[in-house]
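# Fold and contact review
One letter stands for each residue in the lines below.
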Amino acid sequence: MLQTPYRDDKQAYSDLEQVRMQMAQKNFCFIPAEQVRSLLQQQQASALQDWSTFQNSWSDLALDTYMADQGSYRKRKHATLSAPAASRLWQKEAHQPHYQSLTYNNLNGGIARHYAPISDAVMQSHSMNNLLTLACDIFGQLMPEHAWHIEAHQFRIEANAEQAGLPTPEGVHRDGVNFVMMLMVQRANMVNGATTIYDLNKNRLDQFVLTNPLDMALVNDEQVFHGVTPIMQLDSDRLAARDVLVITFRRKTQSPTTAD
């Protein structure tokens, strides 16, 4: 991984503490793009210097062939990582299949799903490195006693005249982890895609749309459900796409059940 030393900056500490406090009090948090940009650049001034290249890497994803609904609207790549307790330092682990139990994903769960790995160039980019470091600094400090199993997922959801795109085809759900970071990378020629948060009784708590690149949602997956509404195509002559980075954190003491 790249080295991303934090600047000795009281403002950076204060901004991160506000995010952690909201997570501790509400179990979810929407962070608008400009605030995310600030948090990342407080880590490292060059945090987003390769952002355009990072965005473009979503054009190289592979079709998800494990869709039980036979949908061809989702593309993805995947990586497995880890981090020590209370540490900002993460490391990439050997590539392995993604697994989710049927308890958490009654559509596609119950089998090991083998996805193409996120490329080394993307994993070594400033953008990915700083996003993972930010996730470690938020989630790791919320539960500083635990080491972490981390998974990163590049998702592209597409829509056309024949089919809508389903960002969460399993419906309102939990992922079977402790924490989830969802980052908007880019949207093209689409409407909808609203993120909705529910309590454990599935009463709606909030709804918002990740609209701008770097808009971010964080959830405590043990305490809230989440879902995303289908996306629809605007101009029938152009691709409709929703590109998102999802990063999940699971305590290493738990059984291996993770994101979408």
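Criteria and cut-off values
- Residues numbered from 1 in each chain as written.
- Predicted model: local features only at pLDDT ≥ 70, side-chain atom pairs only at ≥ 80, totals over all residues.
- Heavy atoms only, no water.
- Pairing = 2+ DSSP bridges.
- Helix = DSSP H or I, 4+ residues; strand = E, 2+ residues; numbered from the N terminus.
- Axes fitted to C-alpha atoms, helices over the stretch in contact; angles between N-to-C directions.
- Core = buried A, V, L, I, M, F, W, Y, C linked by side-chain atoms within 4.5 Å.
- Buried < 20%, exposed > 50% of the residue type's maximum accessible area, 1.4 Å probe, protein only.
- Contact = heavy atoms within 4.5 Å.
- Salt bridge = Lys/Arg side-chain N within 4 Å of Asp/Glu carboxyl O.
- Phe/Tyr/Trp six-rings, centres within 6.5 Å; stacked < 30°, edge-to-face > 60°.
- Lys NZ or Arg CZ within 6 Å of the ring centre and 35° of its normal.
- 1 Å grid on protein atoms, 1.4 Å probe; cavity = no way out; pocket = protein on both sides within 12 Å on 5 of 7 lines; lining within 4 Å.
- Points joined across faces, edges and corners; volume = space filled by probe spheres on them.
- Patch = residues over 30% accessible without salt bridge, like charges linked within 9 Å, V, L, I, M, F, W, Y side chains within 5 Å.
- Areas by Shrake-Rupley, 256 points an atom, 1.4 Å probe, with all protein chains shown as cover.

## Section: the sheet that holds strand S11 (residues 204-209)
Sheet architecture is open: three strands sit in the order S11-S10-S13, paired in antiparallel fashion. Of all the strands in the sheet, the pair left with one neighbour each is S11 and strand S13 (225-228). Across the sheet, the axes of successive neighbouring strands diverge by a mean angle of 15 degrees, strand direction being ignored. The pairing of strand S10 (residues 194-198) with S11 spans five bridges and is antiparallel. Paired with Thr196 across the bridge in S11 is Gln207.

## What to know about the nonpolar core
As a rule of thumb, nonpolar side chains are buried together in soluble globular proteins. One finds Phe139, Ile150, Leu183, Met216, Leu218, Leu245 and Phe249 to be the most contacted residues of the largest nonpolar core, which totals 44 residues. Sorting elements by how many residues they give to this core places helix H5 (residues 126-142) first, with eight residues. Ignoring anything within four residues of it in the chain, the contact list for Leu218 reads Val19, Met23, Asn27, Phe28, Cys29, Ile31, Ile138, Phe139, Val180 and Met181. Phe28, Val177, Val219 and Val244 belong to the second-largest nonpolar core, a separate cluster that totals 14 residues.

## What about the pattern of salt bridges?
Taken as a whole, this structure holds twelve salt bridges when the rule is applied. Between Asp64 and Arg76 there is a salt bridge, and its shortest N-O distance comes to 3.2 Å. With Asp64 in the loop between strand S2 (62-63) and strand S3 (74-83) and Arg76 in strand S3, this pair connects stretches of sequence that are twelve residues apart. An identical accessibility class is assigned to Asp64 and Arg76; each is buried. Linked through salt bridges whose partners overlap, the residues forming this network are Glu17, Arg20, Arg88 and Asp137.

## Some words on the environment of Gly110
In this fold, Gly110 is placed in the loop between strand S5 (98-99) and strand S6 (112-113). On the basis of relative accessible area, Gly110 is assigned to the partly exposed category, the value being 36%. Expressed as a C-alpha distance, the spacing of Gly110 and Tyr99, which sit eleven residues apart in the sequence, is 7.2 Å. Residues in contact with Gly110, not counting those within four places in the same chain, are Tyr99, Gln100, Ser101 and Leu102.

## Focus on the packing of aromatic side chains
Here the structure, examined in full by the defined rule, presents eight aromatic pairs. Taken together, a centroid distance of 5.1 Å and an interplanar angle of 70 degrees make the contact between Phe139 and Phe249 edge-to-face. A residue pair is termed long-range when its members are at least 10 positions apart, and Phe139 in helix H5 and Phe249 in strand S15 (residues 240-251) qualify at 110 residues. One exposure class covers both Phe139 and Phe249, and it is buried. One aromatic cluster is present, formed by Phe139, Trp148, Phe179 and Phe249 through successive ring pairs. Looking at Arg174, its charged tip hangs above the ring of Phe225, at a distance of 5.3 Å from the centre.

## Looking at the layout of surface pockets
For the largest pocket, the calculated volume is near 150 Å³. Lining the largest pocket are Leu102, Thr103, Tyr104, Asn105, Asn106, Glu170, Val172, His173, Arg174, Lys202 and Phe225.

## Some remarks on a nonpolar patch on the surface
Among the surface-exposed residues, Val191, Met232 and Leu234 lie close enough to one another that they form a single nonpolar patch of about 260 Å² accessible area. In this structure, Leu234 sits in the loop between strand S14 (231-233) and S15. Its relative accessible area of 55% is what places Leu234 among the exposed residues.

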